[in-house]
Amino acid sequence: MKYSPVIGLFLLFAVCSTSAQERQNQHVMRLYEELKTTTDSAAVYARMGLLYLRLEKADSAQMAFAQALSKRPNLAIAHTGLGRIYLEFKNDPKKALPHFEKAIELDTTDVKSHEWHIQTLLKLNHTGRGAREAANQTISRFPDMALPYLLLAHIYKSEASSSQATLYYYKKYLDQNPGDQETAYEFAFALYKAQQYRDLEAITSRMHDVRAMPLLAQALIYRRDQEGALAAFHHYIQTLNEEEKKLYEDISLVGTKAEVRAYSLQTDPQRREAFLNRFWLQKDPFKTSGGLLRRAEHYRRVWHARMFYGKKWPWDKRGEVYIRWGDPDYKSTSGKLDAQPPLDVQRIQEKMAHQLYGDEGIEATFAGPVFPIRTMRDAGIGGEDNNTDIGFSKYKPVTAASNWSAVPWEVWIYKTIGNGIEITFTDEFLSGNYDYAPMPELTEADLNRYESTGESYMQIVQRLGEYSPATLVDRIAAETPEKYSIETLEPLEFYFDALTFRGPNGQTELQVNFALPIDNIAQPTDPDTTVIVERRTALIFPRDMDLQKTKHALAVPITDANRNRGLQAINGITHTAPPGEYELAVEAWRQGTNRVGAYRLPGLKLPDYSPKDRLMLSDIQLASRITPANEAADTAFVRGIYYVQPQPSATFLPLPDKSMYIYFEIYNLTRDPFGQTHYKISYEVQLRNEQSFSIIPLLAKLGKKNAEAVGLSFEQVGSDRDEKTYLELPLINLRPGRYSLKLTIKDQNNQQEISKNIVFHIPRTQ
């Protein structure tokens, strides 16, 4: 039933009781009285409509604005009022839009009308030319208004080729309105999909929305900050319900049967966590993070599967495969068909096609699955079977020349798993959930066709079963339950040595020295700059998978003055641990790139230097320079009274002014009745080759006494039971090759003797 604004006034009086409401009611009554005498009733009705809007009386306001427009059709404020009623009260932005368009046409200076107009376009999800023009026009008039930038971000987001513009306008919007967490998350998600990880870290690190934590974690993974990534993931996981929390700690998709069974038997929370720490350490290809790298990647895959793969709980079959093996090396979908796969992918496809279809499969170019999927002929579409088509009557592969698929599909290829495998997923029920492509249903025509070639029904079924995605995944997963690919990384080659010495309190000191060649670190496009190389080590005790980790950043200057000169940045890290057998993992990564070098030394023995009853010798350290400690520029490589500059490459040039230095420590020398030690140092250098070893007569100087050798040995006396000393060996007489140096210490007071060996290399010079 229609009613006038006057009736609305009486209704208003009936429900208002406070003094503020009474004043507003009186104001409305005065406006109504003013209508009797005014010459501009349109303006009075408009004022009445605004007052009703303030009182949230939408119907009365609508009647008032309609009356205003009946008196003056081009009254901008009345169009704005009707637009607000449809937008804010009636949730009908489609009807609101023309009123806002008319309002800003009539009054280009009204900021709020422009803002409501853009807000309406956003709500309607308009991304066409008109929306773009409206946003640009509003920005030209009001450059500080935030919403037009958000509208442009949405417009460019709808265009797959405009990712940079999308990110630009999101950023512009958030610069104006940083408190909008929902849009900040939307922006962050767009950054994640565009793999803009630096910007992603910058925005998510400032967000309060917990949904930003997995995105921040992935930005930190890209920066190889595994510790930070795990902390972000853990913060996010703690906010989830118990059922979803379990998804992140479930290892059933990535562990062997024995591992999964052993984990299921762990009931104590602390023991379960200890088990997971060991589990992920074993799965980590580098191990320098102590397993955090692989664990963070697992969390990333679980989150990604939850977000992208299917509508069923917790994910469809794509999610399972993704959690196991990560991103495929090649992917084609029915919605984004790739008609030109890379050559290495084509070889995998051709091999599979030959197995399934014989010689007919060799000539085809596959734009989708090689495994046959349901075609439109199965639905009675597509005409009679063409015997020239490879495949079967109702199930066929997808080729560049023929795509009769009746269902949405995705094909994933992993090049390094199982010698190269194809996994085909199909959405048979058009539900948005993908399963493994089913086994084809063979018709009598199919059987007759293949039997005519001499093959039996069982042979056909056996071949199809072998390549059936479900069977294939089960078989390969039994051998390779999980994989973390490092193929996208570029190698960063460096040298290191691992040397043991007596440590404090019965422990052993392990000195790990890095030599980072400047020419390996630098890139051709580098200007004169300083780059950061992050070095990690992990000393792992295999028996209980306990470990020590280090992480350090080294600034390396890159200039024209130090390029192409064979120079190295030297740095060292020290571990102290009980004697035993360990595994050592070392890693160097140039920050901001994908250039990483990593090495592992399993079976590394840390000797027990604590006994005092027998002669002992530390590892032999090759050095490029040894000077008194008080002359050293820094204390990084000071041992006792010496500065020992490592040479982890064990390579020396035979130049007249260059020597090779051999540093070592002797423990537990015995004293004679007069308190004197008496020992002999002897050495021999041999050229190593496949046929023989030849001893090289090479004179040396003993560092401690600075005395020349008589033959190949030194007789020494002293008073300390432990000695730190070195040999200096000029190399001018050595020809290029690989050499072995054997160092022998003999305690003349008790005739005990001990020897150790070291290998070094003399390169060819031009």
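Placed above this text is the structure.
Per-chain numbering applies: the sequence of each chain, read as written, is numbered from 1 onward. Since the coordinates come from a predicted model, pLDDT governs what is reported: local features require at least 70, and pairs of side-chain atoms require 80 or more to be given and counted, while whole-chain, interface and lining totals use all residues. As a convention, hydrogens and water are excluded, and side-chain values are obtained from all of the structure's heavy atoms.

> Help me out: how do you make sense of the overall build of the chain in this one?
When you go through the chain residue by residue, the secondary structure sums to 24 helices and 27 strands. Viewed in the frame of its principal axes, the chain has a C-alpha envelope of about 130 × 85 × 60 Å. It only takes one pair of heavy atoms within 4.5 Å for two residues to be counted as in contact. Contacts in the chain between residues at least 24 apart in sequence constitute 63% of all its contacts with a sequence separation of at least 6. Where accessible areas are quoted, they stem from the Shrake-Rupley method and a 1.4 Å probe; at the residue level, only the protein chains shown are allowed to cover. Summing over all exposed atoms, the chain offers an accessible surface of approximately 37,600 Å²; the carbon and sulfur share of this is 49%. Positive and negative side-chain charges of the chain, numbering 91 and 96 respectively, have mean locations separated by a distance of 4 Å. A helix here means a DSSP run of H or I that spans at least four residues, while a strand means a run of E at least two residues long, and both kinds are numbered starting from the N terminus. A positive count includes Lys and Arg, and a negative count includes Asp and Glu. His and the chain ends are not counted in either. Each charge is placed at NZ for Lys, CZ for Arg, CG for Asp and CD for Glu.

> How should I be thinking about empty space enclosed by the protein in this particular structure?
Space left empty within the atom packing is revealed by a probe, the size of a water molecule, rolled over the atoms. Buriedness for pockets is judged along seven lines, at least five of which must meet protein on both sides within 12 Å for an open set on the 1 Å grid over protein atoms alone, while cavities are sets there where a 1.4 Å probe fits but cannot get out, and lining residues have an atom within 4 Å of a point. Grid points are joined across faces, edges and corners, and a volume is the space filled by probe spheres set on the points. By the definition in use, this model includes 2 cavities of 30 Å³ or more. Space inside the largest cavity adds up to approximately 50 Å³. Lining the largest cavity are Leu247, Asp250, Leu253, His298, Val302, Trp315 and Ile323. Classifying every residue of the lining of the largest cavity by side-chain character gives 5 nonpolar, 1 polar and 1 charged. Considered as a void within the structure, the second largest cavity measures approximately 40 Å³ in volume. Of all the elements, helix 18 (residues 292–308) adds the most residues to the lining of the second largest cavity, at 3 residues. Tallied by class, residues from the lining of the second largest cavity come to 4 nonpolar, 1 polar and 1 charged. Each residue is assigned to one class: nonpolar for Ala, Val, Leu, Ile, Met, Phe, Trp, Tyr, Cys and Pro, charged for Asp, Glu, Lys and Arg, and polar for all the others, Gly among them.

> Would you mind going over helix 8 (residues 129–141) with me for this structure?
It helps to recall that an α-helix has 3.6 residues per turn; residues three or four apart then point in one direction. Taking 1.5 Å as the rise per residue, helix 8 with 13 residues should run 18 Å; its terminal C-alpha atoms sit 19 Å apart, in good agreement. For helix 8, the set of buried residues is Ala131, Ala134, Ala135, Thr138 and Ile139. Seen end-on, helix 8 carries its buried residues on one side only, within an arc spanning 130 degrees. For helix 8, exposure combined with an orientation more than 90 degrees from the buried face picks out Arg129 and Ser140. Elements that come into contact with the buried residues of helix 8 comprise helix 7 (111–123) and helix 9 (147–157). Expected helix span is taken as 1.5 Å per residue step, with the number of steps being one fewer than the number of residues. When a residue's accessible area, from a 1.4 Å probe over protein chains only, is under 20% of the maximum for its type it is buried; when over 50% it is exposed; and in between it is partly exposed. In this description, the arc belongs to the directions extending from the helix axis to the C-beta atoms.

> Any chance you could explain the packing of helix 10 (residues 163–176) against helix 11 (residues 181–193) here in plain terms?
In the contact formed by helix 10 and helix 11, the axes pass within 10 Å of each other and the chain directions differ by 155 degrees. It follows from the interaxial angle that helix 10 and helix 11 lie roughly antiparallel. Pair helix 10 / helix 11 crosses with left-handed handedness. Only Thr183, Ala184, Glu186, Phe187, Ala190 and Leu191 of helix 11 make contact with helix 10, whose side of the interface consists of Leu167, Tyr170, Lys171, Tyr173 and Leu174. Looking at the contact of helix 10 with helix 11 residue by residue, the classes come out as 8 nonpolar, 1 polar and 2 charged. Structural elements are reduced to axes, namely lines fitted to C-alpha atoms, with helices fitted over the stretch in contact, and the angle between N-to-C directions of any two is expressed from 0 to 180 degrees. Note that the term roughly parallel is reserved for angles under 35 degrees, roughly antiparallel for angles over 145, roughly perpendicular for angles of 65 to 115, and oblique for everything else. Two helices cross in a left-handed way if the nearer one is turned anticlockwise from the farther one by less than a right angle. They cross in a right-handed way if the turn is clockwise.

> It is not clear to me how the layout of surface pockets should be interpreted in this structure. Could you clarify?
Computed from the structure, the second largest pocket encloses a volume of approximately 870 Å³. Contributions of two or more residues to the lining of the second largest pocket are made by helix 24 (518–521), strand 12 (568–577), strand 16 (621–628), strand 18 (642–646) and strand 19 (659–667). Top contributing element to the lining of the second largest pocket by residue count: strand 19, with 3 residues.

> Quick question: what am I supposed to make of the pairing of strand 20 (residues 677–688) here?
Every other side chain in a regular strand lies on the same face of the sheet, so the side chains alternate between the two faces. Pairing analysis gives 6 bridges linking strand 20 to strand 24 (residues 713–718), with the strands arranged antiparallel. Of the residues in strand 24, the one forming a bridge with Tyr679 is Gln716. Two strands qualify as a pair provided that DSSP identifies no fewer than 2 bridges between them. As defined by bridge partners, strand 20 adjoins strand 26 (residues 737–747) across 10 bridges and the pair is classed as antiparallel. Paired with Ser682 across the strands is Thr744, a residue of strand 26.

> I tried to follow the packing of helix 11 against helix 18 on my own but got confused; where do I start?
Between helix 11 and helix 18, the shortest axis-to-axis distance is 14 Å and the interhelical angle comes to 110 degrees. Here helix 18 runs roughly perpendicular to helix 11, going by the angle between their axes. Seen from above, helix 11 lies across helix 18 with left-handed handedness. From helix 11, Tyr185, Phe189 and Tyr192 reach across to helix 18, where they touch Arg300, Trp303, His304, Met307 and Phe308. Taken together, the residues of the contact of helix 11 with helix 18 sort by class into 6 nonpolar, 1 polar and 1 charged.

> Got a minute to help me understand the packing of aromatic side chains in this structure?
The geometry of two aromatic rings is summed up by the distance between their centres and the angle between their planes. In this analysis, rings of Phe, Tyr and Trp, with Trp reduced to its six-membered ring, are considered paired at centre separations within 6.5 Å, and the interplanar angle assigns stacked below 30 degrees, edge-to-face beyond 60, and tilted for intermediate values. With the rule as written, the count across this model stands at 35 aromatic pairs. Relative to Tyr248, the ring of Tyr236 has its centre 6.4 Å away and its plane inclined at 80 degrees; by these criteria the two rings are edge-to-face. Here Tyr236, found in helix 14 (residues 226–237), pairs with Tyr248, found in helix 15 (residues 242–249); they are 12 residues apart in sequence, far enough to count as distant. Grouping residues by exposure puts Tyr236 and Tyr248 together as buried. Ring pairing ties together the aromatic residues Tyr185, Phe189, Tyr192, Trp303 and Phe308, which thus form one cluster. Positioned above the aromatic ring of Trp116, the side-chain terminus of Lys112 is 5.2 Å from the ring centre. Only lysine NZ and arginine CZ atoms are considered, and such an atom sits over a ring when it is within 6 Å of the ring centre and within 35 degrees of the ring normal.

> Sorry, what's going on with the nonpolar core here?
Nonpolar side chains in soluble globular proteins tend to end up buried together. We define the nonpolar core as a collection of buried residues of types Ala, Val, Leu, Ile, Met, Phe, Trp, Tyr and Cys that are connected through side-chain atoms lying within 4.5 Å of one another. If you look at the biggest cluster of nonpolar residues, it comprises 82 residues, and the most contacted ones within it are Tyr248, Val321, Trp325 and Ile423. Ignoring any residue separated from it by four or fewer positions in sequence, one finds Val321 in contact with Gly326, Trp412, Tyr414, Ile423, Phe425, Tyr436 and Val473. Among the nonpolar cores identified, the runner-up in size contains 30 residues, and Leu617, Leu702, Leu731 and Leu743 belong to it.

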